[in-house]
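Observations on the model geometry
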Amino acid sequence: MTIEVKNINKRFGDFVALNNVSLAFPQGELTALLGPSGCGKTTLLRCIAGLEHPDSGQVLLDGHDASERHVRERQVGFVFQHYALFKHMTVFENVAFGLRVKSRSERPSEDQIRRKVKDLLELVQLDWLADRYPPQLSGGQRQRIALARALAVEPRVLLLDEPFGALDAKVRKELRRWLRRLHDELHVTSIFVTHDQEEALEVADQVVLMNKGNVEQIGAPDEVYNHPASPFVYGFLGNVNVFHGRVQDGVLASGDASFTVPGESSAAGKGTAYVRPHELEVDRYTPGAEGIVVKLRRAHAIGPLAQLDLERGDTNELIEAVIPNERFSSLGLQEGETLVVRPKRLRVFVDEGASI
Ligand SMILES: Nc1ncnc2c1ncn2[C@@H]1O[C@H](COP(=O)(O)OP(=O)(O)OP(=O)(O)O)[C@@H](O)[C@H]1O
């Protein structure tokens, strides 16, 4: 099923939760709604599900306006962060639940129900837990059962609201890979709410970045990561160094350093350069060297990458650089040494927002 939302507005009292949001969710794709707490992700998901009614705008399911369609008729499957499985029912009965409560005319036979639940438990790789009760499962197992339960009624859309939010980092990581594989098998149009950028970039086909009820950017994970459309997206997707200054004649002057602004532009005014830590070249300082002169305050050199905390000599601001550990060792850098850094790649926004 394709999902489209058009010009959705939703207020809670004076508070604007969704501000004229328009988006398309392609058939069979997994889309992540990503943004900070309170930006409207869950509200948008609830509008699509029919659990919340927008003040204006439309939700189109397969091109048809869904406003008159009740939650049940939208054929939506849900998985929430704290999905309460029925504690007094076995795992098997939890998954069978949605099939058993169907009206008599639609309800499958007992044999069909058994087969279906068995298949679903195999799909989520937990068939060996069929006779257990929810309190006897781990958090990750419970979420996989919750997913099997949502899938039992063959939803045409799957909505996942921070499904792994309550789990520890290692289990989260395992489950998101598992979810991706499952999605590749089933191809149900799915929307996944998260505030974890790594999770969104790893799992999704398409990422929607939201901020204060607005959509900031939509794109494939590599597109939004490598070509952020706004300072907000830059800051939200991974660590970034920010250099404030003034732009004139294609050059950003920031403290004692100056950077050539990429691309053709005649924009002038206050400007901010964004540089990711791995996009900085680091060298030992030699007199006259080009770049920003810094002091190495601290180095964390464990694993393949060395993370360097640097302090600018001119403004005392902190800069984070990440270089291969091999290079760090071969340079033989010591804490307290004076170094010079140069951006290999940067992006400049003039007057916060006007991209050049
Ligand atoms: N029923 C409600 N009544 C009043 N305000 C609400 C209601 N539901 C949501 N809000 C407000 O709307 C804003 C958006 O909430 P929403 O749950 O959509 O955010 P979110 O992006 O999903 O955040 P989180 O990641 O914290 O869940 C929040 O500021 C929230 O307090």
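See above for the structure.
Source: prediction; values computed, not measured.

Turning next to the site of the ligand. Within the structure, the ligand sits among F12, F15, A17, P36, S37, G38, C39, G40, K41, T42, T43 and E162. G38 is positioned such that a nitrogen or oxygen atom in its backbone is 2.7 Å from an oxygen atom of the ligand. Protein contacts shield 58% of the accessible area of the ligand, which totals 640 Å² for the unbound molecule. At the level of secondary structure, the elements contributing two or more residues to the shell around the ligand comprise β2 (15-25) and α1 (41-49).

Next up on the list: the packing of aromatic side chains. Two descriptors summarise a pair of aromatic rings, namely the distance from one centre to the other and the angle between the planes of the rings. Under the counting rule described, the total for this entry stands at eight aromatic pairs. With centroids separated by 5.5 Å and ring planes inclined at 15°, the aromatic side chains of F232 and F236 adopt a geometry described as stacked. Taken as a pair, F232 and F236 lie in helix α8 (residues 231-236) at a separation of four residues, close to a single helical turn. One aromatic cluster is present, built from ring pairs that chain together Y234, Y274 and F349. In this structure, R149 is placed above the aromatic ring of F86, and the distance from its NZ or CZ to the ring centre is 4.5 Å. Sitting over the ring of Y225, R276 keeps its end group 4.3 Å from the ring centre.

Mapping A229 onto the fold places it in the loop between α7 (221-226) and α8. By relative accessible area, A229 is classed as partly exposed at 37%. In this structure the C-alpha to C-alpha distance between A229 and Q217, which are twelve residues apart in sequence, comes to 6.4 Å. Not counting chain neighbours up to four residues away, the residues in contact with A229 comprise E216, Q217 and F349.

Read from one edge of the open sheet, five strands run β15-β19-β16-β17-β18, paired in antiparallel fashion. Looking at the sheet topology across the chains shown, the edges are occupied by β15 (280-284) and β18 (318-324). For this sheet, the mean angle separating the axes of adjacent strands, direction not counted, is 45°. As paired elements, strand β16 (residues 292-300) and strand β17 (residues 305-312) share six bridges and run antiparallel to each other. Directly across from H300, in β17, lies its bridge partner Q307.

The rules we used
Residues numbered from 1 in each chain as written. Predicted model: local features only at pLDDT ≥ 70, side-chain atom pairs only at ≥ 80, totals over all residues. Heavy atoms only, no water. Near = heavy atom within 4 Å. Polar contact = N/O pair within 3.5 Å; in protein donor to acceptor, adjacent residues only side chain to side chain. Areas by Shrake-Rupley, 256 points an atom, 1.4 Å probe, with all protein chains shown as cover. Helix = DSSP H or I, 4+ residues; strand = E, 2+ residues; numbered from the N terminus. Phe/Tyr/Trp six-rings, centres within 6.5 Å; stacked < 30°, edge-to-face > 60°. Lys NZ or Arg CZ within 6 Å of the ring centre and 35° of its normal. Buried < 20%, exposed > 50% of the residue type's maximum accessible area, 1.4 Å probe, protein only. Contact = heavy atoms within 4.5 Å. Pairing = 2+ DSSP bridges. Axes fitted to C-alpha atoms, helices over the stretch in contact; angles between N-to-C directions.

Function cannot be read off these values alone, since they describe shape.
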